[in-house]
Amino acid sequence: MKFALPALLAPDRQADRVVPPSGFTAQLTLFTAAAMAFLAVFALALSLASGRLADRWASALAGTATIRISAPPEQLDTQVAAVLALLATTPGIDTARALDTEEQRALLEPWFGPDLPVEALPLPRLIELTEARPGYDSEGLRLRLAAEAPGAVLDDHTRWRRPMAQAAERLRLLGALSLILIAGSTAAMITLAANSALSANLPVIRVLRLVGAKDAYIVRAFVRRFTLRALSGAAIGTVLAMTLVALLPRADEAGAFLTGLGFQGFGWLLPLLLPPVVAVLAFAATRAAAFRTLKGLT
Amino acid sequence: MIAFENVGFNYGGGELLSDVTLRLAPGSFHFLTGPSGAGKSTFLKLAYAELRPTAGRVSIFDRDARMMTRDDVALSRRRIGVVHQDCQFLDHLPLVTNVALPLTVASRAGDAQDLTALLDWVGLGKLADALPPQLSGGERQRAALARAIIMSPDVVLADEPTGNLDWDMSLRLLTLLVELNRMGKTILIATHDMNLIRQAKSQLAARVLRIQNRRVQLAGADL
Ligand SMILES: Nc1ncnc2c1ncn2[C@@H]1O[C@H](COP(=O)(O)OP(=O)(O)OP(=O)(O)O)[C@@H](O)[C@H]1O
Ligand SMILES: [Mg+2]
């Protein structure tokens, strides 16, 4: 009764021909598999891209914070020293470091050009700190800063990044959910197409039973067909969608946060799994439908 | 080969057959007669396990039909050649492929050497490549018989095999069945054709069963 997928794909012209070619359901299955694979590629790209975004925002950014110190020039160095001393005794802080003039210049260069006289401007000084695990108490730190260095402001990125990281995480889940739904609809549609092919071919099935064909033989004739069709449809849809994804404009260079909707590195291999997955779905769906139909016949 | 013990059958309404007990012994030759609607086709369907008895027990090759799995039924049909009353074929495949279908589904397609001889014998040599819908009723019946015997089955069950045939062709078909019987095959033919039965009885010891009042009885000497 059982038969393996590879054996199924080996050509058996005789068995193929006992079921008449059915142009309409064939095209329907091909189209469904192609469309579903196409959608799945985008759902996969969405899921992977938002996953990357969530990871990047959650790990790289949440662990750092900046303290900005604005004070009259003569007090600036004192306040910087005071803040650094304070940070050194604050639990939960890994490193703290005042940015030097060169670094500040580099930060401002995109906006003001390379010739900015940083030294001459009353710019705030920046202290970059990285969080240890577990993190520091940001409210407590704010109070102590207000007491010791009135010009210091703590800017912990997590305040606005946390919801964004959460949104990206949500997006990743939505992508995964879409993939599951696409798989479910693919199986459902192939089941419908298989059922219609089976009932259209009931007379054929009766003749085959009469001349001594086992259920497995009859099932194989249908399953092989639907599996191969779904496989080729899914391959077409996948290739189309991957081409479109590859042609999408890359957002990487434009903004540091935006990672384009696309695949990176080994990520390009993932959509290649879609055609075999769709084929397995078609195999299981058609096989179940065929055995169900045969059970109802003598 | 095939045995009925106190078999009863109904399609959901009243009993069509009841208390039928008989044995188709190996090598026997039986005719089955009875009025239209008496249950001849039903009897044959019980004999090749398309229907299961609603009472009693049908044994096919010494196995209780009710205990047979679907695969068992499939395998038993490779040993029982059936000529249906309404001969069904795969309409998209040529006649020769249809006749060889039992070999194909049994993965024995290679055994089909004497296919042309067989087709010639039933007078269909020239129609080997025709599609079944293009055949006449009699041509379909002859093709069905060729398909029924291609596996060299132990039992041949034929439901009105000569219904659409002229007398010459009926005789030819009868001769083929008689020959098969002499080779040791068990034959059961449902028919209305009394001439055919008389002709057969002149050639061999055929027994005639008649369905009457839901019973299957051995017909008397009036034949
Ligand atoms: N699938 C079915 N469901 C319900 N009733 C049926 C079914 N098949 C046959 N019958 C009924 O059972 C009775 C016997 O049918 P069957 O085909 O066995 O008769 P038969 O003796 O072969 O007749 P004929 O000589 O006309 O071929 C008929 O009254 C028929 O209407
Ligand atoms: Mg009948």
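Residues take numbers from 1 onward in each chain, read along the sequence in its written order. Here chains are named by letter from A upward and ligands by number from 1 upward, in the order in which they appear as written. Confidence filtering applies because this is a predicted model: local features only for residues at pLDDT of at least 70, side-chain atom pairs given and counted only at 80 or more, and all residues used for totals across whole chains, interfaces and linings. To obtain the side-chain values, all non-hydrogen atoms of the structure were used and water was disregarded.

**Student:** Is there a simple way to explain the overall build of chain A in this structure?
**Tutor:** Across its full length, chain A carries ten helices and four strands. Numbering of helices and strands starts at the N terminus; helices are DSSP runs of H or I of at least 4 residues and strands are runs of E of at least 2. When the elements of chain A are put in sequence order from the N terminus, they spell out α-α-α-β-α-β-α-β-α-β-α-α-α-α. A buried classification covers 41% of the 298 residues belonging to chain A. What makes two residues a contact is simply this: any of their non-hydrogen atoms within 4.5 Å. Excluding contacts between residues fewer than 6 apart, the proportion of contacts in chain A whose partners are at least 24 apart in sequence is 83%. Relative accessibility thresholds used throughout: buried, under 20% of the residue-type maximum; exposed, over 50%; partly exposed, between the two (1.4 Å probe, protein chains only).

**Student:** Can you walk me through the pairing of strand β4 (residues 152-156) of chain A in this structure?
**Tutor:** A regular strand carries its side chains on alternate faces of the sheet. Residues and elements named next belong to chain A. Alternating residues of β4 divide into Ala152, Leu154 and Asp156, all buried, and Val153 and Asp155, none buried. Strand pairing is assigned whenever DSSP identifies at least 2 bridges connecting the two strands. When strand β1 (residues 64-69) meets β4, the two strands line up antiparallel, connected through five bridges. Each bridged residue has a counterpart across the sheet, and for Arg68 the counterpart in β4 is Val153.

**Student:** What should I look at first to understand the packing of aromatic side chains in this one?
**Tutor:** Two measures describe an aromatic ring pair: the distance that separates the ring centres and the angle between the ring planes. The criterion for an aromatic pair is that two Phe, Tyr or Trp rings (for Trp, the six-membered ring) have centres within 6.5 Å, with stacked assigned to planes under 30 degrees apart, edge-to-face to planes over 60 apart and tilted to the rest. Applying the stated criterion across every chain, the model contains four aromatic pairs over all chains. With centroids separated by 4.9 Å and ring planes inclined at 90°, the aromatic side chains of Phe9 of chain B and Tyr11 of chain B adopt a geometry described as edge-to-face. Charge-over-ring contacts are defined here by two conditions on Lys NZ or Arg CZ: a distance within 6 Å of the ring centre and an angle within 35 degrees of the ring normal. Its end group placed over the ring of Phe226 of chain A, Arg229 of chain A keeps NZ or CZ at 5.1 Å from the ring centre. Above the ring of Phe61 of chain B, the side-chain terminus of Arg79 of chain B is found at 3.7 Å from the ring centroid.

**Student:** What am I meant to see in the interface of chain A and chain B here?
**Tutor:** Accessible area lost upon the coming together of the parts is a frequently used measure of interface size. Taken together, the contact between chain A and chain B spans 22 residues of the former and 24 residues of the latter. Summed over both partners, the accessible area lost on bringing two parts together, with a 1.4 Å probe, is the buried area. Taking both sides of the interface into account, the surface hidden between chain A and chain B amounts to around 2,100 Å²; carbon and sulfur atoms contribute 61%. Any Lys or Arg side-chain nitrogen found within 4 Å of a carboxyl oxygen on Asp or Glu counts as a salt bridge. Counting every contact that joins chain A to chain B gives one salt bridge. A 3.5 Å cut-off defines polar contacts: any pair of N or O atoms within that distance qualifies, except that in protein one atom must be a possible hydrogen donor and the other a possible acceptor, and neighbouring residues in sequence count only when both atoms are side-chain atoms. Counting across the interface, chain A meets chain B through seven residue pairs in polar contact (both at pLDDT 80 or more).

**Student:** What exactly am I supposed to notice about the coordination of the magnesium ion (ligand 2) here?
**Tutor:** When four donors bind a metal tetrahedrally, each ideal donor-metal-donor angle is 109.5 degrees, and when six bind octahedrally, the ideal angles are 90 or 180 degrees. Around the magnesium ion (ligand 2), the protein supplies Ser41 of chain B (OG) and Gln85 of chain B (OE1) as donor atoms, at distances of 1.9 to 2.2 Å. Of this pair, Ser41 of chain B sits in helix α1 (residues 40-47) while Gln85 of chain B sits in the loop between β6 (80-83) and α3 (95-99), placing them 44 residues apart in sequence. In this analysis a donor is any N, O or S atom within 2.8 Å of a metal ion (3.2 Å for sodium, potassium and calcium), and since water is not included, sites may seem incomplete.

**Student:** What is the right way to read the UniProt feature "transmembrane region" (unreviewed entry) in chain A from this model?
**Tutor:** Residue and element names in this part refer to chain A. Under the present numbering, the feature "transmembrane region" (unreviewed entry) in UniProt falls on residues 25-49, 171-194, 200-219, 226-248 and 268-290. Taken as a whole, residues 25-49 contains 100% helix and 0% strand, while its terminal C-alpha atoms sit 36 Å from one another. This span, residues 268-290, is 74% helix and 0% strand, and a straight line between its end C-alpha atoms measures 35 Å. UniProt positions are given in the numbering used here, feature names are shortened, and annotations may be inferred rather than shown by experiment.

**Student:** Sorry, what's going on with the sheet that holds strand β10 (residues 215-218) of chain B here?
**Tutor:** Paired through backbone hydrogen bonds, the strands of a sheet run either parallel or antiparallel to each other. Residues and elements named next belong to chain B. Spatially, β6-β7-β8-β3-β9-β10 is the arrangement adopted by the six strands of the open sheet, whose pairing is mixed. Every interior strand has two partners, whereas the edge strands, β6 and β10, have only one. Strand-to-strand twist in this sheet, taken as the mean axis angle between neighbours without regard to direction, amounts to 20°. Here strand β7 (residues 155-159) pairs with strand β8 (residues 186-190) via five bridges, running parallel. Pairing of Asp159 across the sheet is with Ala190, part of β8. Only the stretch in contact is used when a helix axis is fitted, and all axes are lines through C-alpha atoms; the angle between N-to-C directions ranges over 0 to 180 degrees. Sitting on the sheet, α1 touches β3 (29-33), β6, β7, β8, β9 (207-212) and β10, and the angle it makes with β7 is about 155°.

**Student:** What is the right way to read the pairing of strand β1 (residues 2-9) of chain B from this model?
**Tutor:** Residues and elements named next belong to chain B. Among the eight residues in β1, six count as buried, and that is most of the element. Sheet topology places β1 next to strand β4 (residues 55-60); five bridges connect them, and they run antiparallel. Counterpart to Ala3 in the pairing with β4 is Ser59.

**Student:** Just to check I follow, could you spell out the confidence of the model for chain A for this structure?
**Tutor:** The predicted coordinates ought not to be read in detail in places where the model reports low pLDDT. Residues and elements named next belong to chain A. pLDDT: the predictor's confidence for each residue, scored from 0 to 100. Put simply, chain A has an average pLDDT of 82, and 88% of its residues get 70 or more. Across chain A, the element-wise mean pLDDT spans from 56 in helix α1 (residues 5-9) up to 93 in helix α10 (residues 274-295). In the model, residues 254-258 has pLDDT below 50 throughout and makes eight contacts with residues more than four positions away in sequence or in other chains.

**Student:** Whenever I open this one, the nonpolar core confuses me. Can you help?
**Tutor:** The tendency in soluble globular proteins is for nonpolar side chains to be buried side by side. Residues Phe29, Phe31, Val99 and Leu177 of chain B are the most contacted members of the largest nonpolar core, which totals 44 residues. Every element with two or more residues in this core is listed here: β3, α3, α5 (115-121), α6 (137-149), β7, α7 (167-182), β8 and α8 (194-203) of chain B. Considering each element in turn, this core owes the most residues, seven residues, to α7 of chain B. Ignoring any residue separated from it by four or fewer positions in sequence, one finds Val99 of chain B in contact with Leu115, Leu118, Leu119, Ala143, Ala146, Arg147 and Ile150 of chain B. Side-chain atoms within 4.5 Å link the members of a nonpolar core, which is a set of buried Ala, Val, Leu, Ile, Met, Phe, Trp, Tyr and Cys residues. With 37 residues, the next largest nonpolar core counts Val18, Val207, Val211 and Tyr217 of chain A among its residues.

**Student:** Is there a simple way to think about the packing of helix α4 (residues 73-88) of chain A against helix α6 (residues 138-148) of chain A in this case?
**Tutor:** Packed helices, taken two at a time, are described by the angle between their axes plus the distance between the axes. Residue and element names in this part refer to chain A. Interhelical geometry of α4 versus α6 gives an angle of 145° and a closest axis separation of 10 Å. By crossing handedness, the relation of α4 to α6 is classed as right-handed. Contacts between α4 and α6 involve Val83, Leu86 and Leu87 from the former and Leu141, Arg144, Leu145 and Glu148 from the latter. By convention the crossing between two helices is left-handed if the near helix lies anticlockwise of the far one by an angle smaller than a right angle, and right-handed if it lies clockwise.

**Student:** Any chance you could explain the confidence of the model for chain B here in plain terms?
**Tutor:** Predicted confidence across chain B gives a mean pLDDT of 89, with 96% of residues reaching 70 or more. Two summary scores accompany this predicted model of the complex, namely pTM at 0.75 and ipTM at 0.89.

**Student:** Which parts of the structure should I look at to understand the site of ligand 1?
**Tutor:** All names here are of chain B. The full set of residues close to ligand 1 is Tyr11, Leu16, Pro35, Ser36, Gly37, Ala38, Gly39, Lys40, Ser41, Thr42, Gln85 and His192. Here an oxygen atom of ligand 1 sits 2.9 Å away from a polar atom, N or O, in the main chain of Gly39. The separation between an oxygen atom of ligand 1 and a polar side-chain atom of Ser41 is 2.7 Å. Per-residue and other accessible areas follow the Shrake-Rupley method at a 1.4 Å probe size, with only the shown protein chains counted as cover for residues. Here ligand 1, which alone exposes 640 Å², has 57% of that area covered by the protein. The class makeup of the residues in the shell around ligand 1 is four nonpolar, seven polar and one charged. Residue proximity to a molecule or strand is established when one non-hydrogen atom of the residue lies within 4 Å of it. When residues are sorted by character, Ala, Val, Leu, Ile, Met, Phe, Trp, Tyr, Cys and Pro go into the nonpolar class, Asp, Glu, Lys and Arg into the charged class, and all the rest, Gly among them, into the polar class.

**Student:** Help me understand the pattern of salt bridges in this model?
**Tutor:** Opposite charge on two side chains makes pairing possible when the charged atoms of those side chains draw close. By the definition in use, this model includes 13 salt bridges over all chains. For Asp19 of chain B, the salt bridge identified is with Arg215 of chain B, shortest N-O distance 3.8 Å. Within this pair, whereas Asp19 of chain B is found in strand β2 (residues 17-24), its partner Arg215 of chain B is found in strand β10, the two being separated by 196 residues in sequence. Its relative accessible area of 35% is what places Arg215 of chain B among the partly exposed residues. Members of the salt-bridge network, linked through shared partners, are Arg97, Glu103 and Glu128 of chain A.

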